[in-house]
Amino acid sequence: MSHVTFKQVQNHAEIKTYIQKADEALEKQGYTEHSFAHVTKVAETAKDLLIRLGYSEREAELAQIAGFLHDIGNVINRVDHAQSSAVMAFRILDRMKMPPDEVATVIAAIGNHDEETAFAVSPIAAALILADKSDVRRTRVRNRDFATFDIHDRVNYAVEDSRLILDADTRSITLDLKIDTKICSVVDYFEIFLNRMLLCRRAADFLECQFRLNVNGTALL
Ligand SMILES: [Fe+2]
Ligand SMILES: [Fe+2]
């Protein structure tokens, strides 16, 4: 069995097509950007978290691969896309001859990333949850007509700056957000993101870290 690298996954023509088509389908449904910018950022963040927390290079690379593939199932349907992404990733990685124990780790992480059904079943899954749920930023909003913004557009658009800060010494992971409260109140933010933030807290717990949320300099979690 060969060693499937992140580079191979990233440069895989078939995977690129699915990511692009999945994003096009979401665009038609009015969702925020889920294309290469999102999945690459998630891949890098998940890898970085695990490396800095002392996990092996390979575990970090599997998290990176899971990050890149986690949203491809949106090409089938938004509903249950964690499951469809996992099944698609299974077929692709299997054909790339990734060993079954690694495939299992990657697809379990992908299948457990969506809010409704997410669970930090492994360090890779925990890193994927943290990386995915913390990617809120203005550039993900595609709607250019402010008058027709829904609450998701508003909440994302209001985020002027977002950073996931890991302090490996104190084992704390902080999502630090700067929000324009003229666009979205902190209460609106909480309404949309409370579940995600609680999920991040459980994922951080799994990595034996404490999760903190800072909005405009105030600690909310
Ligand atoms: Fe997703
Ligand atoms: Fe995502």
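Nothing here was measured: the structure is a model prediction, and the numbers come from that model.

Rules behind the numbers
- Residues numbered from 1 in each chain as written.
- Chains lettered and ligands numbered in written order.
- Predicted model: local features only at pLDDT ≥ 70, side-chain atom pairs only at ≥ 80, totals over all residues.
- Heavy atoms only, no water.
- Buried < 20%, exposed > 50% of the residue type's maximum accessible area, 1.4 Å probe, protein only.
- Helix = DSSP H or I, 4+ residues; strand = E, 2+ residues; numbered from the N terminus.
- Pairing = 2+ DSSP bridges.
- Right-handed = clockwise from strand over helix to strand, strands pointing away.
- Core = buried A, V, L, I, M, F, W, Y, C linked by side-chain atoms within 4.5 Å.
- Contact = heavy atoms within 4.5 Å.
- Donors = N, O, S within 2.8 Å, 3.2 Å for Na, K, Ca; no water.
- Tetrahedral: all angles 85-135°; square planar, octahedral: opposite > 155°, others 65-115°.

Tell me what's going on with the pairing of strand β2 (residues 172-179), and back it up with residues and numbers.
Among the eight residues in β2, six count as buried, and that is most of the element. Here eight bridges tie strand β1 (residues 159-167) to β2, and the two strands are oriented antiparallel to one another. For leucine 166, the partnering residue across the bridge sits in β2 and is isoleucine 173. Two successive antiparallel strands, β1 and β2, enclose a turn made up of four residues, where arginine 171 displays a positive phi of approximately 50°. In the sheet, β2 pairs with strand β3 (residues 210-215) via six bridges, with the strands oriented parallel. Residue pairing for β3: aspartate 176 is matched across the bridge by asparagine 214. For the crossover that starts at β2, traverses helix α9 (residues 186-206) and ends in the parallel β3, the hand is right-handed.

Any details on the nonpolar core? Residues and values, ideally.
Core analysis: the largest hydrophobic core is formed by 65 residues, its most contacted members being Val9, Leu69, Leu93, Leu177, Tyr189 and Phe211. Excluding residues that lie within four positions of it along the chain, leucine 177 makes contacts with Val136, Val159, Asp161, Ser162, Tyr189, Leu213, Asn214, Val215 and Asn216.

Let's hear about the coordination of the iron ion (ligand 2): which residues, and what values?
Four donors placed tetrahedrally around a metal ideally meet at 109.5 degrees, and six donors placed octahedrally ideally meet at 90 or 180 degrees. The iron ion (ligand 2) binds to the protein through His38 (NE2), His70 (NE2), Asp71 (OD) and Asp132 (OD); the donor distances cover 2.2 Å. Coordination at the iron ion (ligand 2) comes from four donor atoms whose angles at the metal span 82 to 171°, giving a geometry best classed as irregular. When the donor residues of the iron ion (ligand 2) are listed from N- to C-terminus, their spacing reads H-x31-H-D-x60-D. Between the two metals, the iron ion (ligand 2) and the iron ion (ligand 1), the spacing is 3.6 Å, and aspartate 71 donates to both. With histidine 38 in helix α3 (residues 36-52) and histidine 70 in the loop between α4 (57-69) and α5 (81-95), this residue pair connects regions lying 32 residues apart in the sequence. For the pair histidine 38 and histidine 70, one class covers both residues: buried.

Don't take any of this as a statement about function, it's just geometry.
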